[in-house]
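Understanding the architecture of this molecule
Read off the chains here:
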Amino acid sequence: MLLFFVDRECLEDYEPLSDYTVPPALDVGGRLLADLWAERLGVEEYGLATRGFLGESVEWLTGGRLRPVAPRGDALLLNACASPFSGKLVSLLRGMAGLGSSAVYAGRRVVAVKVSSASRGLLDAFTGVVEPELVYGNMGMFEEEMLDPGEALLGPRELLAGLVAEASKEGGSYIGPGARVAPGAVVVDSIVEGDAVIEGVVKRSYVSRNSWVAGYVEDSIIGLGGEVYPGSYLRGVIAGVFARALPGLYAVDSTLWHGEEASGLRGAGAEPLAAYRASLYRRWGRLPSRFEEELLRRRRRSRQGRRP
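Residues numbered from 1 in each chain as written. Predicted model: local features only at pLDDT ≥ 70, side-chain atom pairs only at ≥ 80, totals over all residues. Heavy atoms only, no water.

Before going further, it helps to examine the pattern of salt bridges. This structure, assessed with the given rule, holds 13 salt bridges. With a closest N to O distance of 2.9 Å, D7 and R109 form a salt bridge. Of this pair, D7 sits in strand β1 (residues 2–7) while R109 sits in strand β5 (residues 109–115), and the two are 102 residues apart along the sequence. One exposure class covers both D7 and R109, and it is buried. E199 is the partner of R180 in a salt bridge, and the nearest nitrogen-oxygen pair spans 3.7 Å. (Salt bridge = Lys/Arg side-chain N within 4 Å of Asp/Glu carboxyl O. Helix = DSSP H or I, 4+ residues; strand = E, 2+ residues; numbered from the N terminus. Buried < 20%, exposed > 50% of the residue type's maximum accessible area, 1.4 Å probe, protein only.)

Attention now goes to the state of the cysteines. As enumerated under the stated definition, the model contains one disulfide in all. The disulfide bridge from C10 ends at C81, spanning 2.0 Å between sulfur atoms. What sets the handedness of the C10 and C81 disulfide is the S-S torsion sign, and at about 80° it is right-handed. Of this pair, C10 sits in helix α1 (residues 8–13) while C81 sits in the loop between β3 (75–79) and α4 (87–95), and the two are 71 residues apart along the sequence. Judged on exposure class, the residue C10 and its partner C81 are both buried. (Disulfide = S-S within 2.5 Å.)

A few words on helix α3 (residues 52–61). For an α-helix, 3.6 residues make a turn, and residues three or four places apart therefore share a direction. Turning to α3, its buried residues are L54, G55, S57, V58 and L61. With its buried residues spanning 165° around the axis, α3 presents them on a single face. Exposed and oriented more than 90 degrees from the buried face of α3 are F53, E56 and W60. Buried residues along α3 sit against β1, α1 and β2 (46–48). G63 lies just past α3 and shows a positive phi near 60°. (Arc of directions from axis to C-beta. Contact = heavy atoms within 4.5 Å.)

Once that is clear, we can look at the nonpolar core. Of all hydrophobic cores here, the largest spans 53 residues; its most connected members are F4, W37, L66, L89 and L93. With six residues, helix α2 (residues 33–41) is the single largest residue contributor to this core. Excluding its chain neighbours within four sequence positions, the residues that come into contact with L89 are W37, A82, S83, V104, V111, L147 and A152. Grouped together as the second largest cluster of nonpolar side chains are 20 residues, A179, V202, I222 and A251 included. (Core = buried A, V, L, I, M, F, W, Y, C linked by side-chain atoms within 4.5 Å.)

Before going further, it helps to spend a moment on unusual backbone geometry. When glycine is set aside, most residues are seen to have a negative phi, and most peptide bonds are trans. Cis geometry is adopted by the peptide bond preceding P16, which originates at E15 and carries an omega value of -5°. Within the fold, P16 resides in the loop between α1 and α2. Unusually for a residue other than glycine, D195 sits at a positive phi of about 70°. Tracing the backbone through its elements, the reader meets D195 in the loop between β11 (191–192) and β12 (197–198).

Taken in spatial order, the six strands make up an open sheet running β10-β13-β16-β19-β22-β25, and their pairing is parallel. Both outer strands of the open sheet, β10 (186–188) and β25 (265–267), are each paired with one neighbouring strand and no more. Averaged over all adjacent pairs, the angle separating strand axes in this sheet is 0°, with direction ignored. Across three bridges, the pairing between β10 and strand β13 (residues 201–203) is parallel. The residue of β13 that forms the bridge with V186 is V201. (Pairing = 2+ DSSP bridges. Axes fitted to C-alpha atoms, helices over the stretch in contact; angles between N-to-C directions.)

Next comes the structure, spelled out in C-alpha cells:
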C-alpha cells in the first residue's frame, strides 16, 4: 500500500498551493500524479497519510480518487514531493518491496519509509506535517539509503517540467474536459484543467480549473479560479486560489497569494525594468512594449560575466 505524506519543506516549496493540494493530486494528462506513482511502483492501492483540512481538500479536488486512508498491512510512506521522474528513485523504491523496514533520505529530509502495520506509533508520526527530527528517533533499526535531494525531490520547476513532459507524450498539451482555447490563443507544452478558458498565451505551464488566462503565462502554475488579465506577464510564478494578475503586472519567479490582486513589478528582473519604465514615463508617458522588455532581458543576459 502506498501512502503520501507531507513534510515542512514540501509545504513551504509549494506555497500557496500547498494550502489546499499536494503534487500527487495534480493532473498529468487526464490522470493524477498519484496514478503515475502507482503504475511505476506496481501498486494497486494508494492514499494520503495526511489528515485534517489538507486531506479533505485533496479528496474534494480529486473527486475521492486521492483521499486519506488507514493503512492495511505493510505500507510505503512516500514524500508528496518525491520525484516519479527519477529513474534511480523509482528503481530503489521498487527494490524495497522485498526488504524489511527501510528508509530513503535526501539530505535531512525523509523521502520514503517502508513500515509494517505493527509500527503504529511510526505510522501516526506521518499523518501530520512531518518534521524529520521527530521521526529519526524511531528509525534506528531501519536500513537506510541516501540520495541527492535534486534527484529525489521535486521543486515547483522540476514538477512542472515532469508534468508537461508526461502530458506531451500523448501529443503535446493536455486540454481538460470543458476547457476552452479561444481563436488566436496559444497553448504550448502545457496542462489546462477542465473549465479553464485560455484567450492569451500559455507556455510550459499548469492552469488549474475554472481559471481564465488572457495575458502571457510561462513556466508557471495557476491555482484554482485564477485570472490573468490582458497586458500581464507571468514567468516562473505560483498563483494561489482566485489570484488576479491585473493589466501591467510583470511577475518573474514570484508568488501570488490567494485572492491577491497583483499589479506592478514582482520578483527577479524587476529592478532594471522599473528604471526603464520610469524613464519611458518621463519621456513619452507610456509603458514599454513587450518587445522592448524582451530586448532588455536579452541584453542583460548577454552582458552577464562581462565588464561594464
